[in-house]
Amino acid sequence: MDTRAETARILVEFLEVAITSIVFHKRVYPAGAFERRRYMNAVVHRAKQPELRDYIHSSVNALFPFIQKGLVERVLVIFFNKDDNVANERFVFKLGMNQSSSSGSKIEEADLEFSLRSFLIKLPTSENLTKPLPPDCRWEVTAYFRGLPEVGTSKEADVWIPTDTKQWQHLPEVTPIKSMSSQPLSLQLFVEHPSPSEPKTGHV
């Protein structure tokens, strides 16, 4: 497996764990819906419910060929108010695959995992940077691509459909959580909230 494929594999595995951790710490489901595990020598949580676990797993693993090709710009976990498609909070993983890492020397897997592990340790302590979610909120995994083959030309591309999420009208408030930069991969994690000047939504 070449360097870029190996980096993509490690990143996809990490994203599955990190997204599960975000959903756990946002208390979208009861704590009993998760079980404690160790990953990269850090305590993490794994979803017990097969539907939840499969949704996260399939969503992230479908990104593998696009991450490997450097086509994925951002992976988001978006939390919505229950009655509309306006985001209440967005966790953003911004990815950068080093163009020179497609071939050549093998990456040091231990070094990359050590860097990614720091994100998993940071997530539980970042709750004070986020806001409480409204009751009965919903959430989804969304990816932003630098480029994507046309639907019908690629089995991998056919998995992804355009999102109907309503975009904020103003630049969001951005709070950095963690970042890293290495030879094969650069990664930033930050959380976004609507600007105070964002029009309020709701129903009378």
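Residues numbered from 1 in each chain as written. Predicted model: local features only at pLDDT ≥ 70, side-chain atom pairs only at ≥ 80, totals over all residues. Heavy atoms only, no water.

Defined as follows: UniProt positions are given in the numbering used here, feature names are shortened, and annotations may be inferred rather than shown by experiment.
The name given to the chain in an unreviewed UniProt entry is HORMA domain-containing protein, with Linum trigynum as the source organism. The heading Subcellular location (unreviewed entry) in the UniProt record of the chain holds the text "Nucleus".

**Details of the packing of helix α1 (residues 3–25) against helix α4 (residues 109–122)**
The line we're drawing: For helices, the fitted line uses only the C-alpha atoms of the stretch in contact; every axis is such a line through C-alpha atoms, and the angle between N-to-C directions lies from 0 to 180 degrees. Numbering of helices and strands starts at the N terminus; helices are DSSP runs of H or I of at least 4 residues and strands are runs of E of at least 2. Reported orientations rely on four angle classes, namely roughly parallel under 35 degrees, roughly antiparallel over 145, roughly perpendicular from 65 to 115, and oblique for the rest. Note: crossing handedness is left-handed where the near helix turns anticlockwise from the far helix by less than a right angle, and right-handed where it turns clockwise. In this description, contact between two residues means that some pair of their heavy atoms is separated by no more than 4.5 Å. Each residue receives one of three labels: charged for Asp, Glu, Lys and Arg, nonpolar for Ala, Val, Leu, Ile, Met, Phe, Trp, Tyr, Cys and Pro, and polar for the others, Gly being one of them.
The geometry of α1 relative to α4 is characterised by a closest axis approach of 11 Å and an angle of 20° between their N-to-C directions. With respect to each other, α1 and α4 are oriented roughly parallel. In this structure, α1 meets α4 at a crossing whose hand is right-handed. Across the interface between the two elements, Glu-6, Thr-7, Arg-9, Ile-10, Phe-14, Val-17 and Ala-18 from α1 touch Glu-109, Leu-112, Glu-113, Leu-116, Phe-119 and Leu-120 from α4. Residue composition of the contact of α1 with α4, by class: eight nonpolar, one polar and four charged.

**What about the pairing of strand β3 (residues 72–80)?**
Here is the key point about a regular strand: its side chains alternate between the two faces of the sheet. Rule in force here: Think of it in three bands: residues with accessible area under 20% of the maximum for their type are buried, residues over 50% are exposed, and the middle band is partly exposed, with areas taken using a 1.4 Å probe on protein chains only. Two strands pair under a simple rule: DSSP has to find at least two bridges between them.
In terms of burial, β3 is largely enclosed, as eight of its nine residues are buried. Inspection of the sheet shows β3 paired to strand β5 (residues 138–145) by eight bridges, in the antiparallel sense. The residue bridging Val-72 from the neighbouring strand is Phe-145, located in β5. Here β3 pairs with strand β4 (residues 87–97) via seven bridges, running antiparallel. Its bridge partner being in β4, Phe-79 is matched across the sheet by Glu-89.

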